[in-house]
Amino acid sequence: MPIQFTDKEALVLGVAGGDEAEALLRWVQQQPCPRVGLEECTHLHTAVLQVLLAGSVKVSVWPRDDRLRGWLQSCLDELQS
Amino acid sequence: MNELIEQYLSEANELMEGITNHLIQLDKQPEEARIMNELFRLVHTLKGNSGILGFDLIANVLHASEDLMDALRVGEISPSPEFVDRLLDAMDFAYRLHKEIEESGNYAAGHADRSEQLTRSLRELLDRSQKKVFNQIEGASSCAESSKGEMGARQSEKVATLPEDKRSEFLKRIEEGEVAFLLNYTPAADSLMDGVDPFALSRETPGFAWGEIKARGYWPALDVLDAYRCAVSFVVVAFAPRTILELHYGAVLNQVEISRLEDLVLSCVDDSAGKAALVSAPLGTTSLSLDARVAVRQILYAQKAALTGASDVLKREKLISSAAFILSNCCKAVGNFEESEAVQRICRQANNGGEFQAVLEWIERIDARLDAETPEKKLVAAAANSLVEEPAPSVVDAVNNPSLNGLVSSKSLKVDHLKIDRLMNLIGELVVSKNAMPYLAQKAEEQFGVRELSREIKAQYSEINRIAEEMQDAIMQIRMMPVSVIFQRFPRLVRDISRRLGKEVSLVLEGEDTEADKTIIESLADPLIHIVRNSLDHGLETPEARKLAGKSVVGTLTIRARQEADRVVIEIVDDGKGIDPAVIKRKALERRLITQEQFERMDSREAIHLIFAPGFSTAEAISDLSGRGVGMDVVRAAVEKVDGDLELHSEVGRGTRLTISLPLSMAVTQVIIIESDGQTFGIPMDHVVETVRVPRRNIRSIKEFSATMLRGRLVPLKSLNRMLEIPRNPLTNSNDEYAVLVVRFGNDVLGVIVDEFRKTVDIIQKPLTGVLSGLSVYSGSALMGDGSVLMILNLREVL
């Protein structure tokens, strides 16, 4: 599974494909304050990305991939802890 | 004229020369990227400069030229001779308008039509060529080239969101010649269903440099969210050719807006969205007018000078407070509130600790940024320097500060030629007044009997003489110009004419760095152009004719310059059909330029020189190039006006060689002073072959002419008195010998009988002005050391 769901956050590993969007959406709907760890993430499908945006998901760790990180930082908020 | 306009014109001339030269090179090496980049840079700079000064008619045409060159540069279209022709037309137009600006400060409004016509033809050419290329690209949709302008306006808003560090990085890369595009990809709502991943597509954009994801509106509640309905868009900056980008987006190209980043940044200046964007630029100076940028620089320099000039601490504290006030307001005025606060903070800290170095560092940093942000930085720096008024003492201190010196010093200096002419006149006066000193020494000795003083004056004189001579030499050096100044027009001229005539010509230029005085070089320009036109029109044959004659298809036209003693020699050699003396003679007879008698006696050398006779034209059909019968005689007159000689050699079927010999400089003329009927005249030594004494008995009279034998050669004689219509016979000396000055014009030798020879002197000839200027028998006058005026005879006219 490219996305691992824990109590506190969703961890994206490698490429999160379009199929993952629905599962992610369901998980986000259940969370009062959803957060996502993207350290290992190398790509998010546009649908997955839209879920993160629509659900105002906070990012706990940004991707190691600098370029992806640049893209995502332009639209996603960092988790203020 | 306004100083800025002067500066602009002087730069514009250089830029236009560069553009023309590069266009000619491009014609020869169409695929050379270096040439295209350089061309683009030159046109871009010229466009910017003309736009800043409000010369819109020029700027519009240049803008269209720039677009065309840009399309060439990024590979959207490929070069063809037609491009070069259109672009050269545009440059000609700009050149004409610049001439008008130079003469009257502005151009006539009547040029608007031509400007529009040129702009339109350039745009049409661009459109036509782009369509051709686009049609070749598979899957290219109509979107790519449609409504560029309208798209650009929307796109420029996107520039606003570029982060500051990225923006300056991109601008730097663009300035270095790279090409960047801003892409705005708005995927169709159902594109995810079609199996497209727009984010992946955007991430993989070729030449990707920066990207941003944007939501298109508010997100719906999660329970009604359709994650597969695309509601985001992507903004990408990519450094890649447009064609590659279009190929990448292939199938979804109609959802992508592609604009040149550079255009957007530049167009930002006008629209409000862009202005907002530029506030976040380092100093926002790209949006400032030239005047404003010059003003910012001046403020910076003035504050820097004031701060470095302050010696005691108390004074410095006050200065820092005032600098904080001025500089922070200056930043606010250009819309940079961040730096405004920064400088206030720095100044406060400086005053608390008393260390003002930080303030200077801030000024230097901003100054450097101003450089980096200003495309016309040379212009701005120069204007700022020239506008700094009478330096206050503190400014003088600042100039001595080595860190500031770098801003002021430059290896070469542009000086108005009027200033050099003034120097020239002054040195002329100095030479004349220094020549009065020997007279003074003589007077001291003979009239007042103080020998000691006389000797001292002479010693002093020799010193002043040395300095004056060196100075004169130095000033002459300033006036020297290489012949390349005129030679560089020829590649263009030869290309245009030979294309029009359907001839193939290779132009060889030699000795371009040969130097001569400015007046000489300038006087040479028009005659040379005429000669080259004639060579191309009448001399060189068409490729077919050349083939038939067993010559190589491509004709060669060689223009070479060299220095021979104190003269510059220019040769124009072609390997064309040559001049047929029989044809020339017949034409001259038909046109009644020679009599039947002359026709029969004339040798071939004399015959070919008939082409210099007024009203002579050999062209069978009158073309727009040459052949209107006003040609070579004008050339001869122009060359002779500056004391030059023309020599023509031609061999039928082999080619023609025209040699022009000109003096290196006209400033100092060596003349021989002669006396006739008690008056003294000067005759330029250039024409004098020798001075001889001829006994009266050796003079033979043939009808009304007289002549004498000189070393086996018959020399016709003329009396100066008679030529000047002085009703006196020439005098002889005690041995009954006449004084004869043997002069040469071209190949003709003539003896001029005068009363007496005097010495030879170096003089600075002044042209006759006012009423006297109509006297063509005198070429000018000169002031002698004793205060008398010497009239210089124009022997050509007198004869």
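## Focus on the interface of chain B and chain A
Moving on, step 1. On the side of chain A, 26 residues touch chain B, which itself brings 25 residues to the contact.
Moving on, step 2. Summing both sides of the interface, chain B and chain A together bury roughly 2100 Å²; the carbon and sulfur share of this comes to 66%.
Moving on, step 3. Counting across the interface, chain B meets chain A through 1 salt bridge.
Moving on, step 4. Here A:Asp65 and B:Arg203 are joined by a salt bridge, their closest N and O atoms 3.3 Å apart.
Moving on, step 5. Here chain B is connected to chain A by 13 residue pairs in polar contact (both at pLDDT 80 or more).
Moving on, step 6. Listed by contribution, the elements that provide at least two residues to the side of chain B that touches chain A are α8 (198–203), β2 (208–215) and β3 (232–238) of chain B.
Moving on, step 7. The element contributing the most residues to the side of chain B that touches chain A is α8(B), with 5 residues.
Moving on, step 8. A class-by-class count of the residues in the side of chain B that touches chain A yields 18 nonpolar, 2 polar and 5 charged.

## Some points on the nonpolar core
Moving on, step 1. Grouped together as the largest cluster of nonpolar side chains are 53 residues, with contacts concentrated most on A:Leu24, A:Leu44, A:Leu72, B:Leu183, B:Phe199, B:Ile213 and B:Tyr249.
Moving on, step 2. In terms of residue count, helix α2 (residues 46–54) of chain A provides more of this core than any other element does, 7 residues in total.
Moving on, step 3. Apart from residues lying up to four places away in sequence, A:Leu44 is in contact with A:Val12, A:Ala16, A:Leu38, A:Leu49, A:Leu52, A:Leu72, B:Asp197 and B:Phe199.
Moving on, step 4. If you look at the next biggest cluster of nonpolar residues, it comprises 47 residues, including B:Met481, B:Val568, B:Ile608 and B:Val642.

## Overview of the sheet that holds strand β9 (residues 567–574) of chain B
Residues and elements named next belong to chain B.
Moving on, step 1. Read across the open sheet, the 5 strands follow the order β6-β8-β9-β11-β10; overall the sheet is mixed. The sheet terminates laterally at β6 (505–510) and β10 (645–651), the two strands that pair on one side only. Averaged over all neighbouring strand pairs, the angle between strand axes comes to 10°, with direction disregarded.
Moving on, step 2. Summarising the sheet, β6 and strand β8 (residues 555–564) pair through 6 bridges and their orientation is parallel.

## So, the side chain of B:Ser719
Moving on, step 1. Along the polypeptide, B:Ser719 turns up in strand β17 (residues 713–719).
Moving on, step 2. When sequence neighbours within four positions are dropped, the list of residues in contact with B:Ser719 reads B:Pro730 and B:Ile753.

## Topic: a nonpolar patch on the surface
Residue and element names in this part refer to chain B.
Moving on, step 1. Taken together, Leu430, Ile467 and Met471 make up a surface patch of nonpolar side chains, about 230 Å² in accessible area.
Moving on, step 2. Inspection of the secondary structure assignment puts Ile467 in helix α21 (residues 451–479).
Moving on, step 3. Exposure remark for Ile467: the relative accessible area of 42% places this residue in the partly exposed category.

## Examining the pairing of strand β22 (residues 789–793) of chain B
Residues and elements named next belong to chain B.
Moving on, step 1. As paired strands, strand β13 (residues 679–684) and β22 are joined by 2 bridges and run parallel to one another. Within β22, the residue paired with Phe681 across the bridge is Met791.
Moving on, step 2. Note that strand β21 (residues 778–783) and β22 share 5 bridges and pair antiparallel. Residue pairing in the sheet places Leu783 in a bridge with Val789 of β22.
Moving on, step 3. Here β21 hands over to β22 after 5 residues, with Gly787 in that stretch at a positive phi of 95°.

## A few points about the sheet that holds strand β18 (residues 737–745) of chain B
Residue and element names in this part refer to chain B.
Moving on, step 1. The 6 strands are arranged β14-β18-β19-β17-β16-β15 in an open sheet whose pairing can be described as mixed. Taken across any chain shown, the strands that pair with only one partner, and hence form the sheet edges, are β14 (688–695) and β15 (699–702). On average, adjacent strands in this sheet sit at an angle of 35° to one another, irrespective of strand direction.
Moving on, step 2. Relative to strand β16 (residues 705–710), β15 runs antiparallel, the two being bridged by 4 bridges. The residue of β16 that forms the bridge with Ser701 is Ser706.

Procedures and definitions
- Residues numbered from 1 in each chain as written.
- Chains lettered and ligands numbered in written order.
- Predicted model: local features only at pLDDT ≥ 70, side-chain atom pairs only at ≥ 80, totals over all residues.
- Heavy atoms only, no water.
- Contact = heavy atoms within 4.5 Å.
- Buried area = accessible area lost by both parts, 1.4 Å probe.
- Salt bridge = Lys/Arg side-chain N within 4 Å of Asp/Glu carboxyl O.
- Polar contact = N/O pair within 3.5 Å; in protein donor to acceptor, adjacent residues only side chain to side chain.
- Helix = DSSP H or I, 4+ residues; strand = E, 2+ residues; numbered from the N terminus.
- Nonpolar A, V, L, I, M, F, W, Y, C, P; charged D, E, K, R; others polar.
- Core = buried A, V, L, I, M, F, W, Y, C linked by side-chain atoms within 4.5 Å.
- Buried < 20%, exposed > 50% of the residue type's maximum accessible area, 1.4 Å probe, protein only.
- Pairing = 2+ DSSP bridges.
- Axes fitted to C-alpha atoms, helices over the stretch in contact; angles between N-to-C directions.
- Patch = residues over 30% accessible without salt bridge, like charges linked within 9 Å, V, L, I, M, F, W, Y side chains within 5 Å.
- Areas by Shrake-Rupley, 256 points an atom, 1.4 Å probe, with all protein chains shown as cover.

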